[in-house]
Amino acid sequence: MTLPLSKELTAPNGVKYTQPLGLFINNEFVKSRAGGTLTTVNPTNEEEIATIYAAEAEDVDLAVKAARAAFENPEWSDITPEARGALLNKLAGLVEENAKVLATIDTWNNGKPYSVCLAEDLGESISVLRYYGGWADKVYGKTIDVGPQKLAYTLHQSIGVCGQIIPWNYPLMASWKLGPALATGNTVILKPSEQCPLSALYLAQLIKEAGFPAGVVNVLPGYGPKAGAAIASHPGIDKIAFTGSTFTGSMIMKAASQTLKNITLETGGKSPLLVFDDADLDQAVKWSHIGIMSNMGQVCTATSRIFVQEGIYDKFIEAFKTQVKEVSKIGDPFNEDTFQGPQVTKQQFDRIMKYISDGQSEGAKLVTGGTKHGDKGYFIAPTVFTDVKDDMRISREEIFGPVVTIASFKTEEEAIRRANDTVYGLGAAIFTENITRAHKVAAKIQAGMVWINSSNDSHFGVPFGGVKQSGIGRELGEYALSAYTNAKAVHGKLPLLRPLQYLKANSLK
């Protein structure tokens, strides 16, 4: 199939723009070598948006060559850290100028509410790029005192060519990976998801416009088993950073292990949220709802397992049901008052509906939702299960949709034990007015992140990542910089000072 390299599109909200359709390699949009394509779909009405070129192994080879050449080219490798920071800040400014177009693309392609996408997704992407632009000239080594006979110091140097695979639920999470990688002087091959690749291709235009040299960033949309697998296993790629499911993450880890690549993995979660009986109930309900129902429940850190102390269990359930009814307005994601859009694909829709069916079969009590919403699109009514046992599938497996389980507990010890009874360890939330208890429980929860009296209100300056099967390494904050640098030790032998006796003896000659 022969496609043009770009196409004029008009989105449902009337925004007109030019959509790149090609692979972005060496600062140019090109056709895939084999001519493969993929088609993007609007999950709101199930209609086609655009067909684009899809990368395969041969295209990955070309991108790796371009990225390696750029990494070794003084035009990139020898520029000052301040200049790298300036490029990131220039890119942030261009993203800000094009924010409405980018938000339109992701709303159209992904189904997330436009108002949220513009204010939150784009707002954070811009902030992340500026944040790492500021870090570019602040990556320091150390001098290490080992005595007067040696000058020992460390350098923190770029890793090299980085393969970055981003998820469909937050397509502009590209900034989380591009920011620290570029700030530290690496080059990148970015693979957006096959479900939502359009905004990454538009972003590629802005990367070139910002002035990044050819080959520094390459964008390869394609299918996971072809493009993703080729990136993960390619011997010319030095690092892999991946966000997605635990299953896919394990496959990528296995492929990357063939050449012992540096890896960062942010994978699945089944995050607990604990509500103690002394909590501010209104705040607990508000944040609990945000923690699972925002972004259609398609959030890796979603606090999808709620445990409520038995003294307020019934009261919490009634309040939560009311919150869902009043806040979770389902509809066209371009409408200003829509809280919940469609799930991203038919496959994801079917998967969630199967979990809902399983929950009912296993004996959990369905108190609201559980059905398809409307006749067109992949909409699911927000779903609440109560009286859930810990061994049920809906309590143990990541659903990645607007489905929450609520169970009661008696004691603090029980709450901690049940919260930790999972293979995952990404996030957790605690609600209590007892600050001593809050920090005590936070320390005992097996998770990479814990929120106290809130849920999922992360910040780009704070590290993000999990433990157990929720991932390896950290993104965001200063911590992410270490994921994109290698520490090199330099040992400088210094001239020995001659002993005094030797000097005196020689002075008599």
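The preceding data block contains the structure.
Residues numbered from 1 in each chain as written. Predicted model: local features only at pLDDT ≥ 70, side-chain atom pairs only at ≥ 80, totals over all residues. Heavy atoms only, no water.

J.: So what's going on with the overall build of the chain? Which residues, and what values?
T.: Helices and strands together make up the secondary structure of the chain, namely 17 helices and 22 strands. Computed over C-alpha atoms, the radius of gyration of the chain comes to 25 Å, within 12% of the 23 Å expected from 2.2 N^0.38 for 509 residues, which places it in the range of a compact globule. Each principal axis of the C-alpha distribution contributes one length, and for the chain these read about 100 × 60 × 40 Å. Out of the 509 residues in the chain, the part that is buried amounts to 55%. Sequence separation of at least 24 residues holds for 73% of the intrachain contacts in the chain that already meet a minimum separation of 6. Entry remark: accessible area of the chain is about 21,300 Å², with carbon and sulfur atoms responsible for 53%. Distance between charge centroids for the chain: 7 Å, based on 50 positive and 53 negative side chains. (Helix = DSSP H or I, 4+ residues; strand = E, 2+ residues; numbered from the N terminus. Rg over C-alpha atoms; globule rule 2.2 N^0.38 Å. Buried < 20%, exposed > 50% of the residue type's maximum accessible area, 1.4 Å probe, protein only. Contact = heavy atoms within 4.5 Å. Areas by Shrake-Rupley, 256 points an atom, 1.4 Å probe, with all protein chains shown as cover. Lys, Arg positive; Asp, Glu negative; His and termini not counted. Charge placed at Lys NZ, Arg CZ, Asp CG, Glu CD.)

J.: So, the packing of helix H5 (residues 114–135) against helix H6 (residues 174–183): which residues are in play, and what are the values?
T.: Geometry of a packed helix pair, given as the angle between the helix axes and the separation of the axes. Between H5 and H6, the shortest axis-to-axis distance is 9 Å and the interhelical angle comes to 10°. One finds that H5 runs roughly parallel with respect to H6. The hand of the H5/H6 crossing is right-handed. Residues Glu124, Ser125, Val128, Leu129 and Tyr132 of H5 lie in contact with H6, whose contacting residues are Ser175, Trp176, Gly179, Pro180 and Ala183. (Axes fitted to C-alpha atoms, helices over the stretch in contact; angles between N-to-C directions. Parallel < 35°, antiparallel > 145°, perpendicular 65-115°, else oblique. Left-handed = near helix turned anticlockwise from the far one by under 90°.)

J.: Residues and numbers for helix H10 (residues 281–293), please.
T.: Taking 1.5 Å of rise per residue, the 13 residues of H10 would be expected to cover 18 Å, and the 18 Å separating its terminal C-alpha atoms lies within 8% of that figure. Along H10, the residues that are buried comprise Ala284, Val285, Trp287, Ser288, His289, Gly291, Ile292 and Met293. Buried residues belonging to H10 abut strand E14 (272–275), strand E15 (305–309), helix H11 (313–327), strand E17 (383–386), strand E18 (403–409) and strand E19 (427–431). A positive phi of about 55° marks Asn295, the residue just after H10. (Expected span 1.5 Å × (residues − 1).)

J.: Which residues make up the packing of aromatic side chains, and what are the values?
T.: The full count for this structure, using the stated rule, is eleven aromatic pairs. Where Phe316 meets Phe320, the ring centres are 5.8 Å apart and the plane angle is 25°; that geometry is what we call stacked. Here Phe316 and its partner Phe320 are both found in helix H11, four residues apart, which amounts to about one turn of the helix. When its relative accessible area of 0% is taken as the criterion, Phe316 is described as buried. A connected cluster of aromatic rings, assembled from ring pairs, spans Tyr131, Tyr132, Trp135 and Phe460. (Phe/Tyr/Trp six-rings, centres within 6.5 Å; stacked < 30°, edge-to-face > 60°.)

J.: Can you lay out the sheet that holds strand E16 (residues 365–368) for me, pointing to particular residues and giving the numbers?
T.: Here seven strands make up an open sheet; going across it, the order is E16-E17-E18-E15-E14-E19-E20 and the pairing mixed. Each edge of the open sheet is held by one strand with a lone partner, namely E16 and strand E20 (449–452). Along the sheet, successive strands turn relative to each other by an average axial angle of 20°, direction set aside. One ladder, built from five bridges, connects E15 with E18; its direction is parallel. Considered in E18, the bridge of Ile306 is made with Ile406. (Pairing = 2+ DSSP bridges.)

J.: Explain the sheet that holds strand E22 (residues 485–493) to me, using residue names and the numbers behind them.
T.: What the three strands build is an open sheet, ordered E7-E8-E22; its pairing is antiparallel. Looking at which strands have only one partner, the edges of the open sheet turn out to be strand E7 (143–144) and E22. The pairing of E7 with strand E8 (residues 150–158) spans two bridges and is antiparallel. When the sheet's bridge partners are listed, Ile144 is paired in E8 with Ala152.

J.: Can you lay out the nonpolar core for me, pointing to particular residues and giving the numbers?
T.: Of all hydrophobic cores here, the largest spans 75 residues; its most connected members are Leu91, Val95, Tyr132, Leu182 and Phe212. Apart from the residues lying within four places of it in its own chain, the contact partners of Phe212 are Asn27, Trp76, Leu87, Leu88, Leu91, Leu182 and Ile207. Judged by nonpolar contacts, the second largest core, of 26 residues, contains Tyr53, Ala230, Ala255 and Leu265. (Core = buried A, V, L, I, M, F, W, Y, C linked by side-chain atoms within 4.5 Å.)

J.: I'd like a rundown of the pattern of salt bridges, residues and numbers included.
T.: Taken as a whole and judged by the stated rule, the model has 21 salt bridges. Between Lys226 and Glu56 there is a salt bridge whose closest N-O contact spans 3.8 Å. Taken together, the residues Lys226 in helix H8 (residues 224–233) and Glu56 in the loop between strand E6 (47–53) and helix H1 (57–72) connect sequence positions 170 residues apart. Its relative accessible area of 46% is what places Lys226 among the partly exposed residues. Glu56 sits in the partly exposed class, given a relative accessible area of 26%. Across the pair Asp350 and Lys346 runs a salt bridge, and its minimum N-O distance is 2.8 Å. Taken together, the residues span about one helical turn, with Asp350 and Lys346 both in helix H12 (residues 346–361) at a distance of four residues. (Salt bridge = Lys/Arg side-chain N within 4 Å of Asp/Glu carboxyl O.)

J.: Run through the environment of Lys191, naming residues and quoting values.
T.: As for its position among the elements, Lys191 is in strand E10 (residues 187–191). Taking the C-alpha atoms as reference points, Lys191 and Lys372, 181 residues apart in sequence, are found 32 Å from one another. When sequence neighbours within four positions are dropped, the list of residues in contact with Lys191 reads Gln164, Ile165, Ile166, Leu220, Gly222, Tyr223, Gly224, Ala227, Gly228 and Ile231. One polar contact links Lys191 to Glu194, side chain to side chain, over a distance of 3.3 Å. (Polar contact = N/O pair within 3.5 Å; in protein donor to acceptor, adjacent residues only side chain to side chain.)

J.: So what about unusual backbone geometry? Which residues, and what values?
T.: One non-glycine residue with positive phi stands out, namely Asn26, at about 60°. Backbone geometry at Lys468 places phi at a positive 55°, although glycine is not the residue there. Here Lys468 lies in the loop between E20 and strand E21 (471–472).

J.: Explain the packing of helix H3 (residues 81–97) against helix H7 (residues 198–210) to me, using residue names and the numbers behind them.
T.: Where H3 contacts H7, the axes come no closer than 9 Å and their chain directions differ by 135°. Classified by the angle their axes make, H3 and H7 are oblique. For the crossing formed where H3 meets H7, the hand is right-handed. Touching Leu87, Lys90, Leu91, Leu94 and Val95 of H3 are Leu203, Leu206, Ile207, Glu209 and Ala210, all from H7. Here the contact of H3 with H7 is built from residues that sort into eight nonpolar, no polar and two charged. (Nonpolar A, V, L, I, M, F, W, Y, C, P; charged D, E, K, R; others polar.)

J.: Could you give an account of the state of the cysteines, with specific residues and numbers?
T.: Scanning all chains against the criterion turns up zero disulfides. Sulfur of Cys196: no disulfide; nearest cysteine sulfur belongs to Cys117 and is 10 Å away. (Disulfide = S-S within 2.5 Å.)

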